[in-house]
Amino acid sequence: MVTRTNADAKFIENLSDGIQVLDLATGRYVFASPAMATLTGFSVAELCAMTAEAALERVHPDDRDRANQLYDAAESGAVTRTTVRLRHRDGHPLRAQYV
């Protein structure tokens, strides 16, 4: 689980940008901000229960290679960015930038 101070938690919970933290060792999400829940239509608990594979299924098929490249780069310690199209819980598309 991601540990934060109270000030950090307040700051993150009030951001309008969605934040989700993936544990590369387990392939599971360990944190999702309230804004991420609002943006995607999933609850924070549902987002944290998602595996990387389940999250990848929400990525537009044409963008999955790019999303996989980001995952591979993160495993090697590189920091990179990419924008992909996601599917909201109700099915409508949205764009997300991954870092």
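Residues numbered from 1 in each chain as written. Predicted model: local features only at pLDDT ≥ 70, side-chain atom pairs only at ≥ 80, totals over all residues. Heavy atoms only, no water.

(A) Region of the structure containing helix α5 (residues 64-75). Helix length check: α5, at 12 residues, gives a terminal C-alpha distance of 17 Å against a target of 16 Å (1.5 Å per residue), a fit within 8%. Those residues of α5 that sit buried are Ala 67, Leu 70 and Ala 73. Each buried residue of α5 lies within a common arc of 120 degrees when the element is viewed along its axis, so the set occupies one face. In α5, those exposed residues whose orientation departs by more than 90 degrees from the buried face are Asp 65 and Gln 69. Contacts from the buried residues of α5 go to α4 (52-57), β3 (82-87) and β4 (93-98). Positioned one or two residues after α5, Gly 77 has a phi angle of 95 degrees, which is positive. (Helix = DSSP H or I, 4+ residues; strand = E, 2+ residues; numbered from the N terminus. Expected span 1.5 Å × (residues − 1). Buried < 20%, exposed > 50% of the residue type's maximum accessible area, 1.4 Å probe, protein only. Arc of directions from axis to C-beta. Contact = heavy atoms within 4.5 Å.)

(B) Broad picture of the pairing of strand β2 (residues 28-32). As defined by bridge partners, strand β1 (residues 20-23) adjoins β2 across four bridges and the pair is classed as antiparallel. Following the sheet pairing, Asp 23 is matched in β2 by Arg 28. Between the antiparallel neighbours β1 and β2 lie four residues, among them Gly 27 with a positive phi of about 75 degrees. (Pairing = 2+ DSSP bridges.)

(C) The side chain of His 88, seen in detail. Position of His 88 relative to the elements: it lies in the loop between β3 and β4. Those residues in contact with His 88 that sit more than four places away from it in its chain are Thr 38, Leu 39, Thr 40, Gly 41 and Leu 94.

(D) Here's a closer look at the pattern of salt bridges. The tally for this structure, following the rule as stated, stands at three salt bridges. With a shortest N-O distance of 2.7 Å, Asp 63 and Arg 66 are connected by a salt bridge. Asp 63 sits in the buried class, given a relative accessible area of 1%. On the basis of relative accessibility, which here comes to 34%, the residue Arg 66 falls in the partly exposed class. Across the pair Arg 85 and Asp 63 runs a salt bridge, and its minimum N-O distance is 2.9 Å. Of the two residues, Arg 85 sits in strand β3 while Asp 63 sits in the loop between α4 and α5, which places them 22 residues apart along the sequence. Through salt bridges with shared partners, a single ionic network connects Asp 63, Arg 66 and Arg 85. (Salt bridge = Lys/Arg side-chain N within 4 Å of Asp/Glu carboxyl O.)

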